[in-house]
Amino acid sequence: MRLHLAKGTIALAAHIALEESGLAFDLVWVDFATGEQRTEAYLAINPKGRVPALETDHGILTETSAMLGLIAEMAPEAGLMPGDMWARAKVAELHLFLAATMHVNHAHKMRGSRWADDPAAHKAMQAKVTENMTDNAALIERDYLRGPWVLGAQYSTADIYLYTIARWLEGDGVDLAPFPTLRAHMGAMEARPAVEKAIALHI
Ligand SMILES: N[C@@H](CCC(=O)N[C@@H](CS)C(=O)NCC(=O)O)C(=O)O
């Protein structure tokens, strides 16, 4: 498999999952500084002009949640997806919250032009980022993170996805002091060899 990725992005989640899986993969770095994600060559891989994109023997995937699910299924021995039906539903629930709500709230800081052309509107969107991300972190701390992992004792792709977005919180102005379980989760993630190996390439 081949993962197209950029530093500081959600593509870290698929990268960590690949490291955890033990599957063979290559990395292809996309240069955001030159706008490579919008070039014809990259749009032929991912017409959305975003990372990650995962090239597989079956075709190309362009959504993080789908990639995490595929990687977990391809490497069942890595134990990234619970066997229990309800636990899998809770993983899906958090994946969707992270993708559709929290990632979008974060994107209002740098990518306001997706939603408005008026610079004043961009400023107004940026002004909400800290508040929205703090609210999202509080919800996760209270309702999603059983500790030490999202599901309690069992590690899963939800932990990988959550960690990737949690890395953005301080930069978004969120004070992590009121979120001890989330802070412990980040520390536990960083103690995993696969995570350590992946994040070393994202500094
Ligand atoms: N729903 C997609 C979102 C992907 C996404 O928004 N990626 C951002 C980086 S975090 C991107 O590539 N942005 C480039 C741009 O907007 O030009 C996923 O979860 O994989």
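Here the structure is shown first, and the text comes after it.
All values reported here derive from a predicted model rather than from experimental measurement.

Attention now goes to the overall build of the protein. Secondary structure assignment for the protein yields nine helices and four strands. Secondary structure elements of the protein occur, N-terminal to C-terminal, as β-α-β-α-β-β-α-α-α-α-α-α-α. The C-alpha extent of the protein, read off along each of the three principal axes, is 50 × 45 × 30 Å. Looking at the protein as a whole, 44% of its 203 residues qualify as buried. Considering only contacts in the protein between residues 6 or more positions apart, those separated by 24 or more positions represent 65%.

Around the ligand lies a shell of 16 residues, among which R38, V51, E63, T64 and R114 are the nearest. In this structure, an oxygen atom belonging to the ligand sits 2.8 Å away from a main-chain N or O atom of V51. Note that an oxygen atom of the ligand is positioned 2.8 Å from one of the side-chain N or O atoms of T64. Here the ligand loses 89% of its free accessible area of 520 Å² to cover by the protein chains. Within the shell around the ligand, the residues separate by chemical class into five nonpolar, six polar and five charged. Residue assignment places the shell around the ligand across two domains, with domain 1 (2-78) and domain 2 (85-192) each supplying three or more.

The biggest cluster of nonpolar side chains holds 55 residues, and the ones touching the most others in it are I140, I160 and L169. Built from parts of two domains, this core gets at least three residues from each of domain 1 (2-78) and domain 2 (85-192). Setting aside its immediate chain neighbours within four residues, I160 contacts A13, I16, A17, E20, L68, L80, Y155 and M189.

Here we come to the sheet that holds strand β2 (residues 26-29). The strand order across the open sheet built from four strands is β2-β1-β3-β4, with neighbouring strands paired in mixed fashion. Both edges of this open sheet fall to β2 and β4 (60-61), since each of them pairs with a single strand only. As defined by bridge partners, strand β3 (residues 53-55) adjoins β4 across two bridges and the pair is classed as antiparallel. If you follow L54 over to β4, its bridge partner there is L61. The strands that helix α1 (residues 11-21) touches are β1 (2-5), β2 and β3; relative to β1, the one it contacts most, it runs at about 150°.

Let's shift gears to the pairing of β1. As paired strands, β1 and β2 are joined by four bridges and run parallel to one another. Across the sheet, residue H4 finds its bridge partner in β2, namely V28. Crossover β1 to β2 through α1 is right-handed. Strand direction decides the pairing type here: β1 and β3, joined by three bridges, are antiparallel. Within the sheet, the bridge partner assigned to L3 lies in β3 and is L54.

Conventions used here
Residues numbered from 1 in each chain as written. Predicted model: local features only at pLDDT ≥ 70, side-chain atom pairs only at ≥ 80, totals over all residues. Heavy atoms only, no water. Helix = DSSP H or I, 4+ residues; strand = E, 2+ residues; numbered from the N terminus. Buried < 20%, exposed > 50% of the residue type's maximum accessible area, 1.4 Å probe, protein only. Contact = heavy atoms within 4.5 Å. Near = heavy atom within 4 Å. Polar contact = N/O pair within 3.5 Å; in protein donor to acceptor, adjacent residues only side chain to side chain. Areas by Shrake-Rupley, 256 points an atom, 1.4 Å probe, with all protein chains shown as cover. Nonpolar A, V, L, I, M, F, W, Y, C, P; charged D, E, K, R; others polar. Domains from an automatic or database assignment. Core = buried A, V, L, I, M, F, W, Y, C linked by side-chain atoms within 4.5 Å. Pairing = 2+ DSSP bridges. Axes fitted to C-alpha atoms, helices over the stretch in contact; angles between N-to-C directions. Right-handed = clockwise from strand over helix to strand, strands pointing away.

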